[in-house]
Amino acid sequence: MNFGIKRFLHALLIALTICLMLPVPGLAGPSICGAPFDTNATSSDGFCWNATTFGGFNYPVNKHKDFVASENWWGERLQYVDKDGQDELGVNNPGNHVIGEGELLYSTRQFSNKYDLVSDLGLTASTIPPELGGMFYYKLPWFGKPYVTVENDASQLANIVITQGSSDKKVLKSGDVWDLGKGYSLTVNQVDVEGDKVWFSLSKNGEELESGIVNANGTVENQIFTATADFGDGTDQLYFITYVDSVFMSATDSFAVFKYTWLIDKDDILIIKNGDEYQGFEVIETSKDGIVLENSKCITLNLDKDKKNYFTDSWYFQTSDKGKGSTSPEGYIIYPATDVVVEDKNATVPIANSTEETNITSESNESENVSADHRTAPSSGTAGMEDKESHPEEAAEGSSTKLPGFGIISGIIGVMMCLALRRKS
């Protein structure tokens, strides 16, 4: 086959792949479904979902046994509870499709997490730096998203800005600014390789919050930096941790390596009180360990397999048609679900690589461990790929030898053909 035709077909195939991944107006995206129950085969107290039976809930797999424990369980639960013994959901009345006010309970309980710094460095209660205040902190899943509890109190929730995982590290040179997210940034002011020290500052929206000089060659207590502030109902609460693993020098610059960075947003604290309403639920019980809410309005289910019966902003009940899938002509199948979105994380990469960057993520969950390397301000001193980015003329010159103009034209033609087909459909 002619080489030019091969290039044309290759470019056309890529264009078609990308077009098929683009969302089509009017078509629903994929969804995450919970375990289905037959109303004719399930007792009224059997309609219960946890993090292992509904993907809309936050689920740290390492906590599995505690999340599914029959007593003192952690995480989120959604359960139907009959209150009046009339028109109950389940086998005694399989055709009932009304969930009365206060009969759908959403419960969530906090769970402990050991700091990655403590785990990786093998610290114990006797060797942990006192600045950490302990080996553990606590998280609470709240409508599918994990929060850090302030003062280990489930009724005070702080957004997680960043948690560097055990394998993550950040290499910065003097003058670099690390965008941590939510307006926070870490600036390296100076790196002293001879003295094994680094001077850096933590800021939010351009205003400096903390500044410190850390020795990278010493005890853990010397290499760690922490920051506290008054927020929520507490004073001197820990909100920032970072660890300077090492400093080193290249041919032209001095660098510092940061690990185990942990930051919560001290300026955005959610205080939960009895009587508050969230996403169609009313808070009926708050404690240090957890929160219980109930639906504030009656939920009438539309028994249509294509109908989404929303009971929060993003969660809904899906059912079969009446009598379909059930062991009774009056019964039906019911399960919770949530939509997911398909997003292209890097729309500016070359076409040949763009399919690798497409990812499916849940609307209701947020990643716990985020490596923020991709959010750092560009550095002119780094090598490899970043050198090419700082010299676009060299990159363009190199790419022209690999991709003839005909290939570009054929790619454009392919995209145009695909879009025309999509408009027609």
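Data block above holds the structure.
Within any chain, residue numbers begin from 1 and follow the written order of that chain's sequence. Totals for whole chains, interfaces and linings use every residue, but because this is a predicted model, local features are given only for residues with pLDDT of at least 70 and side-chain atom pairs only at 80 or more, for both listing and counting. Only hydrogens and water are set aside when side-chain values are computed; all heavy atoms of the structure are taken into account.

Here's the deal with the environment of Lys273
Summarising the element assignment, Lys273 is placed in the loop between β18 (254-271) and β19 (277-278). Given a relative accessible area of 53%, Lys273 falls into the exposed group. As a C-alpha pair, Lys273 and Thr286 span 13 residues in sequence and 6.7 Å in three-dimensional space. If we ignore the near neighbours within four places in the chain, the residues touching Lys273 are Val283 and Thr286. Numbered from the N terminus, helices here are DSSP runs of H or I no shorter than four residues, and strands are runs of E no shorter than two. Here the term buried applies to any residue with accessible area under 20% of the maximum for its type, exposed to any over 50%, and partly exposed to those in between, with areas from a 1.4 Å probe on protein chains only. Two residues form a contact once any of their heavy atoms are found within 4.5 Å.

Some words on the pattern of salt bridges
By definition here, a salt bridge exists when the distance from a side-chain nitrogen of Lys or Arg to a carboxyl oxygen of Asp or Glu is within 4 Å. Across all of its chains, the model carries eight salt bridges by this definition. Between Asp265 and Lys204 there is a salt bridge whose closest N-O contact spans 3.0 Å. In this pair, Asp265 sits in strand β18 while Lys204 sits in strand β14 (residues 197-204), placing the two residues 61 residues apart along the sequence. We note that Asp265, like Lys204, is buried.

Observations regarding the environment of Thr108
Following the sequence through the fold, Thr108 ends up in strand β6 (residues 104-109). For the pair Thr108 and Gly290, spaced 182 residues apart in sequence, the C-alpha separation works out to 5.6 Å. Other than its neighbours up to four places away in sequence, Thr108 contacts Gly75, Glu76, Leu140, Pro141, Trp142, Asp289, Gly290 and Ile291. Any N or O atom pair separated by 3.5 Å or less is treated as a polar contact, with the protein-specific requirement of one donor-capable and one acceptor-capable atom, and with residues adjacent in sequence counted only for side-chain atom pairs. Polar side-chain contacts of Thr108 include one of 2.4 Å to the backbone oxygen of Pro141.

Section: the pairing of strand β8 (residues 136-142)
For β8, a buried count of five out of seven residues is recorded, marking the element as mostly surrounded by other parts of the structure. Note on pairing: two strands pair once DSSP finds at least 2 bridges between them. Bridging between strand β7 (residues 111-114) and β8 involves four bridges; their strand directions are antiparallel. Note on β8: the bridge partner recorded for Phe111 is Lys139. When β8 meets strand β9 (residues 145-150), the two strands line up antiparallel, connected through four bridges. Bridging from a neighbouring strand, Lys139 pairs with Val148 of β9.

Digging into the sheet that holds strand β15 (residues 207-215)
Pairing within the open sheet is antiparallel, and its four strands lie in the order β12-β13-β14-β15. In the strand order of this sheet, the two ends are held by β12 (177-181) and β15, each with one partner. For this sheet, the mean inter-axis angle between neighbouring strands, taken without regard to orientation, is 20°. Strand direction decides the pairing type here: β14 and β15, joined by eight bridges, are antiparallel. The partner of Ser201 across the bridge, within β15, is Ser211. Fitted lines through C-alpha atoms give the axes, limited to the stretch in contact for helices. The angle between two N-to-C directions lies from 0 to 180 degrees.

Comments concerning the pairing of strand β16 (residues 224-231)
For β16 and strand β17 (residues 234-249), the ladder comprises seven bridges, and the chain directions are antiparallel. Bridged to Ala229 within β17 is Gln237. Between β16 and β17, which pair antiparallel and follow one another directly, the connecting turn spans two residues, one of which, Gly232, has a positive phi of 60°.

Quick word on the sheet that holds strand β21 (residues 290-295)
Taken in spatial order, the six strands make up an open sheet running β3-β4-β6-β21-β20-β19, and their pairing is antiparallel. In this open sheet, the two strands that pair with only one neighbour each are β3 (48-50) and β19.

Quick word on unusual backbone geometry
At Glu151, a residue that is not glycine, the phi angle is positive and equals roughly 60°. Within the element layout of this structure, Glu151 appears in the loop between β9 and β10 (153-163). Accessibility expressed as a relative area gives 35% for Glu151, which makes it partly exposed. Residues other than glycine seldom take positive phi values, yet Tyr260 does so here, at roughly 60°. Tracing the backbone shows Tyr260 in strand β18. Residue Tyr260 is classed as buried on the basis of its relative accessible area of 7%.

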